[in-house]
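Report on the structure
Residue-level listing of the chains:
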Amino acid sequence: MEGETFLWLIRHAAVDGVAGTIHAADAAADLGDRAQLEALRRYLPQDAASYASPARRTIETARALGLEPELMGELSEQDFGDWTGQRHDDLAAMGSDAYAQFWSDPARARPPGGESFEDQVARVRLGLSRVGAGSATLVVHSGTIRAALCIALDLTPEAALRFVIDPLSLTRIDRLSTGWRVVSVNQRMA
């Protein structure tokens, strides 16, 4: 790929739902933080390409930022399979060996019917390869941003899972001809 790519990765707004739930793709965004949305909107580059995961919360967040993104399945959140729609507390209380084993190796383990974080990193790598030169905004998920940081910093998936990525935060990374550059991580606009 020729040219440099400047990526503006935005985590979607908080989910309008019960905290601690593994939300499905159709979960709505809570767009109540108008001040943060406006601050982010003013900070984003003009005339940049725009992409989003096909999840409802990312699309709603992108539109609240004035974007009409191209939807890219490779940028979706990690697939938690059979656990989607359930609360973490409930899964833990069931005493399931699968749930306990997952958290003993969250980078490599797969939930029943789902994918591992390593799988997500591979998928996000494909998605990022489709983003051309120039500036691009990506409205995505915390796992997607961690995966992009894993790629940019050549981290192990275990190390990448240590990043905190808050709702409506901005992470800036650039793909240069000489490699990757990280400009900021989990930045809140004021």
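Above this text sits the structure in question.
A brief structural summary. (Residues numbered from 1 in each chain as written. Predicted model: local features only at pLDDT ≥ 70, side-chain atom pairs only at ≥ 80, totals over all residues. Heavy atoms only, no water.)

1. Structural notes on the side chain of Ser142
Cut-off, in case you're wondering: Helical segments are the DSSP runs of H or I of at least four residues, strand segments are the runs of E of at least two, and each set is numbered from the N terminus. Two residues form a contact once any of their heavy atoms are found within 4.5 Å.
For Ser142, the location among the structural elements is in helix α6 (residues 142-153). Beyond its immediate chain neighbours, meaning those up to four positions away, Ser142 contacts Arg11, Glu77 and Ile165.

2. A few points about the environment of Trp8
The following threshold applies: In this scheme, a residue with accessible area under 20% of its type's maximum is buried, one over 50% is exposed, and one in between is partly exposed, where area comes from a 1.4 Å probe on protein chains only.
Along the polypeptide, Trp8 turns up in strand β1 (residues 5-11). Classification of Trp8 as buried rests on a relative accessible area of 12%. The sequence separation of Trp8 and Trp180 amounts to 172 residues, and the corresponding C-alpha distance is 14 Å. Residue contacts for Trp8: discarding those within four places in its chain leaves Tyr43, Leu44, Pro45, Ser135, Ala136, Thr137, Leu138, Leu170, Thr171 and Arg172.

3. As for the pairing of β1
Spelled out, the test is: Each pair of strands is called paired provided DSSP finds at least two bridges between the two strands.
The element β1 is extensively covered by neighbouring structure, given that six of its seven residues are classed as buried. Across seven bridges, the pairing between β1 and strand β4 (residues 134-140) is parallel. Bridge pairing in β4 links Arg11 to Val140. Summarising the sheet, β1 and strand β5 (residues 170-176) pair through six bridges and their orientation is antiparallel. The residue of β5 that forms the bridge with Leu9 is Thr171.

4. So, the sheet that holds β4
Read from one edge to the other, the open sheet built from six strands follows the order β3-β2-β4-β1-β5-β6, with strand pairing classed as mixed. Looking at the sheet topology across the chains shown, the edges are occupied by β3 (70-71) and β6 (179-187). Judged from the six bridges that link them, β5 and β6 form a sheet pairing that is antiparallel. Across the sheet, residue Arg175 finds its bridge partner in β6, namely Trp180.

5. Considerations on the nonpolar core
Just so we agree on the cut-off: Only buried Ala, Val, Leu, Ile, Met, Phe, Trp, Tyr and Cys residues count toward a nonpolar core, and they belong to the same one when joined by side-chain atoms within 4.5 Å.
In this structure, Leu7, Leu9, Tyr51, Leu128, Leu138 and Ile173 are the most contacted members of the largest nonpolar core, which totals 23 residues. Going through the elements one at a time, β1, α5 (117-129), β4 and α6 are the ones with two or more residues in this core. Looking at which element gives the most residues to this core, the answer is α6, with seven residues. Those residues in contact with Leu9, other than ones at most four positions away along the chain, are Leu138, Val140, Ile145, Ala148, Ser169, Leu170, Thr171 and Ile173. Formed by 16 residues, the second largest nonpolar core is a distinct cluster that contains Ala13, Leu37, Ala52 and Leu65.

In short, geometric facts, not functional conclusions.
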